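# Fold and geometry: a report
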Amino acid sequence: MKLKIQIILLFSLIISTVNAQKTNVKKAFESAAIQTEILIKNVDSSRKVKPNLVSPRTVEKGQFKMVVSRDWTSGFFPAELWYFYQYTKDKKWLNLAKKYTEDIKKEQFNRGTHDLGFMIYCPFGNGYKLTKDTAYRAVIIQAAKSLSTRFNKTAGVIKSWDHNGDKWKYPVIIDNMMNLELLFEATKFTGDSSFYKIAVTHADNTIKNHFRPDFSSYHVIDYDTTTNGHVLQKLTAQGYANESAWARGQAWALYGYTMCFRATKSKAYLAQADGIANFILSSKITPADGIPYWDYNDPKIPHVSRDASAAAITASALYELAGYSKDSKRYKTAADKILYSLSTKYVSNPGKNYGFILDHSTGHRPANSEVDVPINYADYYYLEALLRSKK
Ligand code: GLY
């Protein structure tokens with residue numbers, strides 16, 4: 001009898017622990033909305049003084065930082081407003097999302113960066129899904145054309161950066177996987193398979209060149225496009241070292257290949273996403289709350305900053321991957337844990353951080369920039385993970 005009671009108590013303890021890890025999505029969205037209303041007020045005041053700064057990015061040295069539309073993070077703020085509309089169906093958010101999305105529109109013609117997926121697809125893609133406004137679709141198609149100009153046939157990859165020509169010739173960063181969704185969607189909209197082919201070629205060559213045997217990823221691969229497209233160097237720009245695993249890079253890789261599987265149903269992409277997920281989730285370095293340090297190999301761990309943005313991207317990707325993989329349960333449990341940690345321990349104090357939702361992201365540690373601060377893309381993928389957790 002005594003044993004039976006002990007077993008019952010043990011089970012209730014396990015169940016309450018499991019339940020405790022469940023995020024209260026409604027509450028999390030409500031708190032995020034209150035923060036975002038503060039953020040919008042700050043955006044509007046800043047724009048009165050400097051109208052060319054269109055989107056809030058971060059808090060730097062205690063100061064609210066806005067960016068121009070050509071900044072790689074400019075699309076996340078309007079894209080968040082679309083997520084609030086998606087969740088609430090409240091016209092107030094629809095109008096706000098429409099208004100701030102317009103400010104990024106001109107970047108559809110930008111050929112100077114690979115980041116058009118982030119800048120254009122996040123706001124316009126979500127806007128199109130929710131409104132079916134054909135003007136948004138046209139912007140996505142034009143952005144895909146602009147991005148395609150950065151594809152090099154010899155190397156079979158899209159060039160990421162035009163800057164720092166002294167350090168590399170043809171740099172491709174793992175983050176670039178995130179821009180492929182724009183290309184897949186453009187093929188769906190137009191029937192022009194050239195976008196799809198570029199995306200698949202880029203994703204295949206990235207599998208070939210960007211990963212180590214344990215599925216961790218390099219940050220920057222430098223290609224030689226003048227001869228046969230071979231790899232010149234394997235480097236980092238934002239990680240601890242060339243051979244280290246920069247946390248956000250691993251998250252971009254996971255999200256990227258999960259999305260590529262969605263778009264193509266290619267088993268190779270699913271296997272890649274499973275491998276990356278296993279690398280992330282088997283880490284003995286990441287603390288029990290599931291929020292990684294900014295780089296898995298920083299020798300100063302545990303005395304270094306975490307990266308809540310990497311965690312938010314990972315949680316969102318794992319929710320999607322759980323829908324495709326045989327390791328579904330493992331991914332869903334891990335995503336739930338990360339989301340619970342973010343929504344309880346990594347949110348800004350109410351009314352603080354100029355209205356950013358999450359705190360404790362790391363943008364560019366080697367440059368000592370944006371360390372342990374709020375950043376807009378952490379907020380965007382956090383909202384996305386909240387939405388996906390309900391499915
Ligand atoms: N795509 C740049 C970054 O993740 O910081």
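Bear in mind that the values here come from a model prediction, so they are computed numbers and not experimental data.

Another point: the site of the ligand. In the region of the ligand, the neighbouring residues are Trp-72, Asp-175, Gln-238, Trp-246, Arg-248, Trp-252 and Tyr-377. Side-chain polar atom of Gln-238 to an oxygen atom of the ligand: 2.8 Å apart, as the coordinates give it. A distance of 2.9 Å separates an oxygen atom of the ligand from a polar atom in the side chain of Trp-252. Expressed as a share of its isolated accessible area of 200 Å², the protein-covered part of the ligand is 94%. Here the residues of the shell around the ligand are counted per class, giving four nonpolar, one polar and two charged.

Taken in spatial order, the three strands make up an open sheet running S5-S6-S7, and their pairing is antiparallel. Lying at the two open borders of the sheet, with one neighbouring strand each, are strand S5 (171–173) and strand S7 (231–235). The mean angle between the axes of side-by-side strands here comes to 20°, regardless of whether they run parallel or antiparallel. Summarising the sheet, strand S6 (residues 220–223) and S7 pair through four bridges and their orientation is antiparallel. Along S7, the bridge assignment pairs Ile-221 with Lys-234. Its contacts with the sheet put helix H8 (residues 193–210) on S5, S6 and S7, and the angle it makes with S6 is roughly 105°.

All right, on to the pairing of strand S1 (residues 55–60) then. The buried fraction of S1 amounts to five of the six residues, a majority that puts the element mostly inside the structure. Sheet topology places S1 next to strand S2 (residues 63–67); five bridges connect them, and they run antiparallel. Its bridge partner being in S2, Val-59 is matched across the sheet by Phe-64. Here S1 folds back onto S2, and the loop between the two strands holds two residues, one of which, Lys-61, carries a positive phi near 50°.

One pass over the structure, following the stated rule, counts 30 aromatic pairs. Ring centres of Phe-29 and Tyr-87 lie 4.0 Å apart, and the angle between their planes is 5°; on these two criteria the pair is classed as stacked. Residue Phe-29 is located in helix H2 (residues 25–49), and its partner Tyr-87 is located in helix H3 (residues 76–88); the two are separated by 58 residues in the primary sequence. Classification of Phe-29 as buried rests on a relative accessible area of 2%. With a centroid separation of 5.1 Å and an interplanar angle of 65°, the aromatic rings of Trp-72 and Phe-118 are classed as edge-to-face. Residue Trp-72 is found in the loop between S2 and H3, and its partner Phe-118 is found in helix H5 (residues 116–131); the two are separated by 46 residues along the sequence. An aromatic cluster is present here, built from Trp-72, Phe-76, Tyr-83, Phe-118, Trp-252, Tyr-255, Tyr-377, Tyr-380 and Tyr-381 joined pairwise through their rings. Directly above the ring of Phe-189 sits Arg-137, whose terminal nitrogen or CZ lies 6.0 Å from the centroid. Positioned above the aromatic ring of Phe-261, the side-chain terminus of Lys-265 is 5.0 Å from the ring centre.

With 95% of its residues at a pLDDT of 70 or more, the chain shows a mean pLDDT of 95. Throughout residues 7–19 the model reports pLDDT below 50, and contacts reaching past four residues in sequence, or to other chains, amount to zero contacts.

Attention now moves to the side chain of Ser-341. Tracing the backbone shows Ser-341 in helix H12 (residues 328–345). A relative accessible area of 6% places Ser-341 in the buried class. Here Asp-289 takes part through its backbone oxygen, which lies 2.7 Å from a polar atom of the side chain of Ser-341.

Right, let's talk about unusual backbone geometry for a bit. Here the residue pair Ile-301 and Pro-302 is connected by a cis peptide bond, since its omega of 10° sits within 30 degrees of zero. Phi at Lys-132 takes a positive value of approximately 60°, unusual for a residue other than glycine. With respect to the secondary-structure elements, Lys-132 resides in the loop between H5 and helix H6 (134–148).

What follows is about the pattern of salt bridges. Following the criterion strictly, the structure yields 20 salt bridges and no others. Ionic pairing is found between Arg-262 and Glu-181, a salt bridge with its closest N-O pair at 2.9 Å. One end of the pair, Arg-262, is in helix H9 (residues 247–264); the other, Glu-181, is in helix H7 (residues 180–190), with 81 residues separating them in the sequence. With a shortest N-O distance of 3.4 Å, Glu-320 and Arg-388 are connected by a salt bridge. Separated by 68 residues along the polypeptide, Glu-320 in helix H11 (residues 308–322) and Arg-388 in helix H13 (residues 376–389) bring together distant segments of the chain. Residue Glu-320 is classed as buried on the basis of its relative accessible area of 11%. When its relative accessible area of 16% is taken as the criterion, Arg-388 is described as buried.

An α-helical turn contains 3.6 residues, so any two residues separated by three or four positions project in the same direction. In this model, H2 (25 residues) spans 36 Å end to end at C-alpha, consistent with the 36 Å of a helix rising 1.5 Å per residue. Taken as a whole, H2 has its buried residues at Val-25, Ala-28, Phe-29, Ala-32, Ala-33, Gln-35, Thr-36, Leu-39, Ile-40, Val-43, Ser-46 and Arg-47. Residues of H2 that are buried sit in contact with S1, S2, H3, helix H4 (91–102), H12 and H13.

Moving on, we come to the environment of Lys-332. Counting through the fold element by element, Lys-332 comes out in helix H12. Judged by its relative accessible area of 28%, Lys-332 falls in the partly exposed class. For the pair Lys-332 and Leu-318, spaced 14 residues apart in sequence, the C-alpha to C-alpha distance is 6.6 Å. Once you skip the residues sitting within four places of it in the chain, Lys-332 turns out to touch Lys-22, Tyr-319 and Ala-322.

Let us now look at the packing of H2 against H13. The packing of two helices is summarised by the inter-axis angle and the distance between the axes. Contact geometry for H2 and H13: axes closest at 10 Å, N-to-C directions at 155°. By the angle between their axes, H2 is roughly antiparallel relative to H13. For the pair H2 and H13, the crossing hand works out as left-handed. Here H2 contributes Val-25, Ala-28, Phe-29 and Ala-32 to the contact with H13, which in turn contributes Tyr-382, Leu-383, Leu-386, Leu-387 and Ser-389. When grouped by side-chain class, the residues that make up the contact of H2 with H13 number eight nonpolar, one polar and no charged.

Conventions we followed
Residues numbered from 1 in each chain as written. Predicted model: local features only at pLDDT ≥ 70, side-chain atom pairs only at ≥ 80, totals over all residues. Heavy atoms only, no water. Near = heavy atom within 4 Å. Polar contact = N/O pair within 3.5 Å; in protein donor to acceptor, adjacent residues only side chain to side chain. Areas by Shrake-Rupley, 256 points an atom, 1.4 Å probe, with all protein chains shown as cover. Nonpolar A, V, L, I, M, F, W, Y, C, P; charged D, E, K, R; others polar. Pairing = 2+ DSSP bridges. Helix = DSSP H or I, 4+ residues; strand = E, 2+ residues; numbered from the N terminus. Axes fitted to C-alpha atoms, helices over the stretch in contact; angles between N-to-C directions. Contact = heavy atoms within 4.5 Å. Buried < 20%, exposed > 50% of the residue type's maximum accessible area, 1.4 Å probe, protein only. Phe/Tyr/Trp six-rings, centres within 6.5 Å; stacked < 30°, edge-to-face > 60°. Lys NZ or Arg CZ within 6 Å of the ring centre and 35° of its normal. pLDDT = per-residue confidence, 0-100. Salt bridge = Lys/Arg side-chain N within 4 Å of Asp/Glu carboxyl O. Expected span 1.5 Å × (residues − 1). Parallel < 35°, antiparallel > 145°, perpendicular 65-115°, else oblique. Left-handed = near helix turned anticlockwise from the far one by under 90°.

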